[in-house]
Amino acid sequence: MATRSEEKTGRQISVGGLTDPSDQNARLTEDTTQSIQELEAEIKRLREQIDNSVKAAAVFEVFFTNNISPVAIMDREYNFIQVNENYARADSRKAADFPGHNHFEFYPSAAKEIFDNVVRNKEAFKISARPFTYADHPERGISYWDWTLDPVFDASGEVKLLILKLQDVTENVKAQARLIEKEDLRRTLFNNAYEGLLLIYPDNAAVEANPAACRMFGRTPEEIRAVRLNELVDLADPRYSAAHRERMKSGGFISELTLLRKDGTKFEAEVASKLLEVGRRQISFLSIRDVSERKKAEETLRLSEERFSKAFHKTQTLMAITRQDDGLFIDVNDKYAQTFGYRREELLGKRILDLNIWTNPQDRQAMLQLLAENDYLTDYEVNNRNKSGEFSTLLCTLNTLELDGEKCIFASAIDITVRRKIEEDLRRTKELFYKTFNFNPLPLLIESLESGQIIDINEAFVTESGYAREELLGSKITDFKFWVDLNDRHKYMETFEQAGQVSNYEFKGYLQSGAIRTVLISAVPIMWGNEKCLIASLFDITELRRYQQEITRIDRLNLVGEMAAGFAHEIRNPITTIKGFLQLFREQDRYAQDRERLNLMLEELEAVNAIITEFILLSEDKALEKKRQSLNKRLKHIFPLIQAEAIEQANSVQMELGNIPHVILDSNEINQLILNLARNGLEAMSPGGQLSIKTFRSKDGVVLAVQDQGTGIAPEIMPRIGTPFFTTRADAAGLGLAKCYSIANRHNAKIDFKTDSNGTTFYVRFKV
């Protein structure tokens, strides 16, 4: 088959390999002519197509450039190719600013998903009134746009370009919003009007009724629309006919009419009617105000005036009406006249200043000034003088009013002279209570019997307890760890409830610091305002009980001394005899098999003898070799011995010696005291514990502190600490601490201790 080019250059027909030249030339001329004609036709067609394209491009350019709507052309990646002037002007830019930039570079938003869908689905997208805010011009606020995004396809059917056409509908949206707002306002005013509002057609059919009208007639809007005018208005009321004629004459009326409720009852109303042109129809607009209450109010006012007259003249309250400018009495009641020693007739027509009623006339001027500023005064206290010259105090309420065109003052008052005297007596009583309560050296508290809350406390309570006033007021005493044993609190309250008071109930209580004090509490009931309360006083007897225990301990030691002096030799003589015979028996061969038992007996006798020796030393009032010396030096001297015992028990010892002055000591006894306290501390600890020995200066002297890491001393055995023969160990005689107390007493020193679950610290306090 020949190609098209071959057809245009001519065909050669070969028969048997021979060609006629003349035929060949003829055919060539014919084919050439045909090809030229076809070429000319193709050129013409192409020219027409080009002309059409140029014309279309020109038309599109004119449409694109002169389109009143903003239009933008973008590639499929949303890069601007061209925008018209309106598009650029909408963003306060130039058209040349856009090409080369991406749409979302200028306008970042969630609309990219819409663009992606148009490219992906190859479908146009259109939206109305889409809100938009210019990121570069936030002051322009929100604008609203109708926009269309159309895809343009290439020869292969793929999206090549996007054309975005915008229409600014901001004003339309705002106008619609204003219209809706106006309609909402009209509807709101209609529905919330105090008056009943009705729209009625000339055929007496109601079109619309607001809620107030529905309430007046006792009908729903649907029921009002369903009834005729004669079911809403009493047409038999002659005022209706006159009102109807007036509306026909002038287009409206205002009249009081009788209206009908759904239940058949009637009510008086003031009705204003106006004919309105709505479209091509007339509508009667009715405004209804229920005046039945006003009618009742008018009758009530008449009765009120009658009652006022009776109340004014018959009440026990002082009442007077005076002219404001000169104080002329216009009216007074009998109680007012009697209080000031006059008859009512004597006061009427007289000026208040002429009667010398005000103790100080300047006070009246001050009252008038306040009244001018406020129009009324309540609980205003004045001092007046009666006809005989006696003074009284009145509590007044004053109001301004106008009578016959003149400004007047209506005053009502009660005589509080007696009450003021009672209040003054009460004030003095309260002042006395306040001073007695707050300046009492004993801690005092007031506690509510109903709620258990602390109503008040004095300064002594704050100082003694260590709590801040703000912590305690309004709280319950049981909210704080105040009672060591809550059973004491229960017994105390039971005693109060049964006996009506409590006197010197002893208990142990915690301070805010955690220290335990022994306290006597006494309480009696009182009324605080309208609340039943108790007032309690507390007396700290901790030191008293300590002194009593100290005296008891000294008495016991004295008794021990007397017993030791009386029985020591009597006990030792038999022991010495027994010891001698046992030693003799031990040396004899015939008791050889019993030597082990004899040795045991001799050891036990030695132990008894040692206890007797300790017992005698405990009570012995022997001469001491005391001299002023260093307590720290004594501790350093004996420290190796304490350290050795600690190591033997798998414990450790730490010593911190402060800068302290010398004190008067007997070296041997102080050594014994330190050893006893240290041994007690070591024995109280499990292996691995640490014993701390410290000295420091206090405001009263020098303190020796021995602290262990044991489990502490149980509360029930604390009172017995230091008592001879009291011990918690089965292998001890119970004389170690007793001897410490005895040594401290001979050195004019005091021993006390603090204990908890983390250990115990004994303090020996020497005076300098």
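The shown structure was predicted, so the numbers you read here are calculated from the model rather than taken from an experiment.

**Points about the sheet that holds strand β5 (residues 159–168)**
Here is step 1: Spatial strand order, β2-β1-β5-β4-β3: 5 strands in an open sheet with antiparallel pairing. Here the strands that pair on one side only, and so sit at the sheet edges, are β2 (80–83) and β3 (125–133). Averaged over neighbouring strand pairs, the angle between their axes works out to 25° when direction is ignored.
Here is step 2: Sheet analysis places strand β1 (residues 71–75) next to β5, joined by 5 bridges and oriented antiparallel. Note on β5: the bridge partner recorded for Ile-73 is Ile-163.
Here is step 3: Here helix α6 (residues 170–192) sits on the sheet and contacts β3, β4 (142–153) and β5; the angle it forms with β4, its principal contact strand, is near 135°.

**As for the pattern of salt bridges**
Here is step 1: Overall, the coordinates contain 36 salt bridges when judged by the stated rule.
Here is step 2: Taking the shortest distance from any N to any O, the salt bridge between Lys-266 and Asp-234 comes out at 3.3 Å. Residue Lys-266 is located in strand β9 (residues 266–278), and its partner Asp-234 is located in the loop between α8 (221–226) and α9 (238–250); the two are separated by 32 residues in the primary sequence.
Here is step 3: You can call Lys-266 exposed: its relative accessible area is 54%.
Here is step 4: By relative accessible area, which is 16% here, Asp-234 ends up buried.
Here is step 5: Note that Arg-343 and Glu-346 form a salt bridge whose closest N and O atoms lie 3.8 Å from each other.
Here is step 6: Exposure remark for Arg-343: the relative accessible area of 52% places this residue in the exposed category.
Here is step 7: Accessibility expressed as a relative area gives 24% for Glu-346, which makes it partly exposed.
Here is step 8: Connected through salt bridges with shared partners, the residues Glu-424, Arg-427, Arg-428, Glu-431 and Lys-435 form a single ionic network.

**Some words on the packing of aromatic side chains**
Here is step 1: By the definition in use, this model includes 27 aromatic pairs.
Here is step 2: With 5.4 Å between their ring centres and 85° between their planes, Phe-98 and Phe-106 make a pair best called edge-to-face.
Here is step 3: With 5.0 Å between their ring centres and 65° between their planes, Tyr-467 and Phe-480 make a pair best called edge-to-face. Linking Tyr-467 in the loop between α15 (459–465) and α16 (469–472) with Phe-480 in the loop between α16 and α17 (486–499), this pair joins segments that are 13 residues apart in sequence. Of the two residues, Tyr-467 and Phe-480, neither departs from the other in class, the shared state being buried.
Here is step 4: The rings of Phe-80, Tyr-87, Phe-98, Phe-106, Tyr-107 and Phe-132 are connected pair by pair, giving a single aromatic cluster.
Here is step 5: Over the aromatic face of Tyr-510 sits the side chain of Lys-481, whose NZ or CZ is 4.9 Å from the ring centroid.

**Here's the deal with the sheet that holds strand β12 (residues 329–332)**
Here is step 1: Pairing in this open sheet of 5 strands is antiparallel, and the strands run β12-β11-β15-β14-β13 from one edge to the other. The sheet is open, and its two edges are formed by β12 and β13 (376–385), each paired on a single side. Mean inter-strand twist for the sheet, computed between neighbouring axes without regard to direction, equals 30°.
Here is step 2: Where strand β11 (residues 318–323) lies against β12, 3 bridges are found, and the strand directions are antiparallel. Of the residues in β12, the one forming a bridge with Ile-321 is Asp-331.
Here is step 3: Across the sheet, helix α13 (residues 361–374) touches β11, β13, β14 (391–403) and β15 (406–415), and the angle it forms with β13 is around 170°.
Here is step 4: Here helix α14 (residues 417–438) sits on the sheet and contacts β13, β14 and β15; the angle it forms with β14, its principal contact strand, is near 130°.

**Section: the packing of helix α20 (residues 631–648) against helix α21 (residues 667–683)**
Here is step 1: Two elements in contact, α20 and α21, have axes whose closest approach is 10 Å; the angle formed by their N-to-C orientations is 40°. One element, α20, and the other, α21, form an angle in the oblique class. The chirality of how α20 crosses α21 is right-handed. Along the contact surface, α20 presents Leu-631, Arg-634, Leu-635, His-637, Ile-638, Leu-641, Ile-642, Glu-645 and Ala-646, while α21 presents Ser-667, Ile-670, Asn-671, Ile-674, Leu-675, Ala-678, Arg-679 and Leu-682.
Here is step 2: Residue classes in the contact of α20 with α21 are distributed as 11 nonpolar, 3 polar and 3 charged.

**Side note on unusual backbone geometry**
Here is step 1: A positive phi angle is found at Tyr-78, which is not glycine, with a value near 70°.
Here is step 2: With respect to the helices and strands, Tyr-78 occurs in the loop between β1 and β2.
Here is step 3: Taking the relative accessible area as the measure of exposure, Tyr-78 reaches 7% and is therefore buried.

**Structural notes on α9**
Here is step 1: Across its 13 residues, α9 extends 19 Å between first and last C-alpha, which sits within 8% of the 18 Å expected from 1.5 Å per residue.
Here is step 2: All of the buried residues in α9 are Tyr-240, Ala-243 and Arg-247. Across the axial projection of α9, the buried residues extend over an arc of 65°, all falling on one side. Exposed residues pointing more than 90 degrees away from the buried face of α9 are listed as Pro-238, Arg-245, Met-248 and Lys-249.
Here is step 3: At the exit of α9 stands Gly-251, carrying a positive phi of roughly 90°.

**Structural notes on the side chain of Asp-237**
Here is step 1: Position of Asp-237 relative to the elements: it lies in the loop between α8 and α9.
Here is step 2: A distance of 2.9 Å separates polar atoms of two side chains, one belonging to Asp-237 and the other to Arg-239.
Here is step 3: Within the structure, the side chain of Asp-237 is placed 3.0 Å from the side chain of Thr-258, a separation counted as a polar contact.
Here is step 4: Discounting chain neighbours no more than four positions away, the residues touching Asp-237 are Leu-257 and Thr-258.

**So, the confidence of the model for the protein chain**
Here is step 1: Averaged over the protein chain, the pLDDT score is 83; the fraction of residues at 70 or greater is 86%.
Here is step 2: Across residues 1–19, where pLDDT falls below 50, the model places 16 contacts with residues more than four positions away in sequence or in other chains.

**Here we look at the pairing of strand β19 (residues 516–528)**
Here is step 1: The pairing of strand β18 (residues 502–510) with β19 spans 7 bridges and is classified as antiparallel. Its bridge partner lying in β19, Val-502 is registered against Ala-523.
Here is step 2: In this structure, β19 lies alongside strand β20 (residues 531–540), joined through 10 bridges in antiparallel fashion. When the sheet's bridge partners are listed, Val-524 is paired in β20 with Ile-535.
Here is step 3: Hairpin connection of β19 to β20: 2 residues between the antiparallel strands, including Gly-529 at a positive phi of 70°.

Analysis parameters
Within every chain, residues take consecutive numbers counted from 1 along the sequence as written. With pLDDT at 70 or above as the cut-off, local features in this predicted model cover only qualifying residues; side-chain atom pairs require 80 or more to be listed or tallied, and sums for whole chains, interfaces and linings still use all residues. Hydrogens and water molecules were not included; the side-chain quantities draw on all heavy atoms of the structure. One bridge is not enough; two strands pair if DSSP finds at least two bridges between them. Secondary structure elements are defined from DSSP: runs of H or I of at least 4 residues count as helices, runs of E of at least 2 residues count as strands, and each element is numbered from the N terminus. Every axis corresponds to a line fitted to the C-alpha atoms, with the helix fit spanning only the stretch in contact, and the corresponding angles, defined between N-to-C directions, vary from 0 to 180 degrees. Pairs of residues are marked as contacts when any of their non-hydrogen atoms sit within 4.5 Å. Salt bridge criterion: a side-chain nitrogen from Lys or Arg within 4 Å of a carboxyl oxygen from Asp or Glu. Here's how the labels work: a residue is buried when its accessible area is under 20% of the maximum for its type, exposed when over 50%, partly exposed in between, all with a 1.4 Å probe on protein chains only. Pairing of aromatic rings covers Phe, Tyr and Trp, the last through its six-membered ring, and needs centres within 6.5 Å; plane angles under 30 degrees mean stacked, over 60 mean edge-to-face, and all others mean tilted. Two thresholds decide whether a charge sits over a ring: the Lys NZ or Arg CZ must be within 6 Å of the ring centre and within 35 degrees of the ring normal. The scheme is simple: roughly parallel for angles under 35 degrees, roughly antiparallel for over 145, roughly perpendicular for 65 to 115, oblique for anything else. When the near helix sits turned anticlockwise from the far one by under a right angle, the crossing is termed left-handed; a clockwise turn instead gives a right-handed crossing. Polar here means any residue other than Ala, Val, Leu, Ile, Met, Phe, Trp, Tyr, Cys and Pro, which are nonpolar, and Asp, Glu, Lys and Arg, which are charged; Gly is therefore polar. In this scheme, a helix's expected span is set at 1.5 Å multiplied by one less than its residue total. Directions drawn from the helix axis to the C-beta atoms are what define this arc. Any pair of nitrogen or oxygen atoms within 3.5 Å is treated as a polar contact; in protein, a donor-acceptor pairing is required on top of that, and neighbouring residues in sequence qualify only through side-chain atoms on both sides. Each residue carries a pLDDT score, the predictor's own confidence in it, on a scale running from 0 to 100.

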